[in-house]
Amino acid sequence: AGESKPPLNRFPTAEEISRQILPQHPKARDAAEQKIIDVMDDMVANQARGMGNISPEDGRMMRMLTESVKAKKVVELGTSNGYSALWFSLAVRSTGGKVITHEIDPTRIKMAKANFERARVKELITLVEGDAHQTIRNLDGPIDVLLLDAEKEGFVDYLNQLLPKVRVGGLIIAHDSSGQADQLTDYFPAIINNDDLESVLIDASKWGMCITRKMR
Ligand SMILES: C[S@@+](CC[C@H](N)C(=O)[O-])C[C@H]1O[C@@H](n2cnc3c(N)ncnc32)[C@H](O)[C@@H]1O
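Residues numbered from 1 in each chain as written. Predicted model: local features only at pLDDT ≥ 70, side-chain atom pairs only at ≥ 80, totals over all residues. Heavy atoms only, no water.

Visitor: Would you mind going over the packing of aromatic side chains with me for this structure?
Guide: For any two aromatic rings, the description comes down to two numbers: the centre-to-centre distance and the angle of the planes. Inspection of every chain in the model, using the stated rule, returns two aromatic pairs. Between the aromatic rings of Phe155 and Tyr187, the centroid separation amounts to 5.6 Å while the plane-to-plane angle is 80 degrees, which identifies the pairing as edge-to-face. Note that Phe155 is positioned in helix α7 (residues 155–162) and Tyr187 in helix α8 (residues 187–192), a separation of 32 residues in sequence. (Phe/Tyr/Trp six-rings, centres within 6.5 Å; stacked < 30°, edge-to-face > 60°. Helix = DSSP H or I, 4+ residues; strand = E, 2+ residues; numbered from the N terminus.)

Quick look at the structure:
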């Protein structure tokens, strides 16, 4: 924070605006949020390798969206070590909501639990262990925000299972929608050919998020 950058003598590119001009660091509104952000910073510095975490830009966008739709229930598929869930926890602290996140890998489950513990968000986040294709079957709606960030080939099944539980006006965020678009050749038709859904690609970092709104 506060680091000064030499002025550009041309129009900045979108990446320069995103990475150099707009603030990179999340803003805390109180000490509890600062605690969460401190843990997120530590995860970026010391745990990120091989975790497949979302970028900070995408996290900021998800936090804004989640607060904007006043989400009470956020469902995440693919917790990894808990980085994106912590971004959601910043949002649900202000909406009075909860995050239910799903992960299959025991090592990552252990890391996520430790991160949630030290960020003091255990009452905001429920971590469901196991294969999400099975564990989401008993999930109750209404879901306000759904993040698809587990294995790409599973996205259509996740959508089919959970779309009926997403509330009208709710959001489905498919992560890596540009970075791994080649693995989403079934997913794109599934959302495009559904007249109840409207979608837009937000490419704040190279991974991209396809954000879909349930219109009716
Ligand atoms: C890209 S990472 C998630 C990153 C995380 N959302 C973040 O930004 O911090 C994908 C995760 O999905 C998990 N995963 C893959 N298949 C799964 C399944 N069938 N059920 C639950 N989790 C799964 C992987 O173990 C991996 O940790």
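Don't stop here, the text continues.
Visitor: In this structure, what is going on with the pattern of salt bridges? I would like to understand it.
Guide: Working definition: two side chains of opposite charge can pair if their charged atoms are close together. Taken as a whole and judged by the stated rule, the model has 15 salt bridges. Between Glu33 and Arg63 there is a salt bridge, with its nearest N and O atoms 3.3 Å apart. In this pair, Glu33 is assigned in helix α2 (residues 31–46) and Arg63 in helix α3 (residues 56–68), connecting sequence segments 30 residues apart. Just as Glu33 is buried, Arg63 falls in that class too. Counted as one network, the salt bridges with shared partners bring together Arg29, Asp30, Glu33, Arg63, Glu67 and Arg93. (Salt bridge = Lys/Arg side-chain N within 4 Å of Asp/Glu carboxyl O. Buried < 20%, exposed > 50% of the residue type's maximum accessible area, 1.4 Å probe, protein only.)

Visitor: What should I look at first to understand a negative patch on the surface in this one?
Guide: Together, Asp131, Glu151, Glu153 and Asp157 line one region of the surface with negative charge. Mapped onto the fold, Asp157 is located in helix α7. Residue Asp157 is classed as partly exposed on the basis of its relative accessible area, which comes to 31%. (Patch = residues over 30% accessible without salt bridge, like charges linked within 9 Å, V, L, I, M, F, W, Y side chains within 5 Å. Areas by Shrake-Rupley, 256 points an atom, 1.4 Å probe, with all protein chains shown as cover. Lys, Arg positive; Asp, Glu negative; His and termini not counted. Charge placed at Lys NZ, Arg CZ, Asp CG, Glu CD.)

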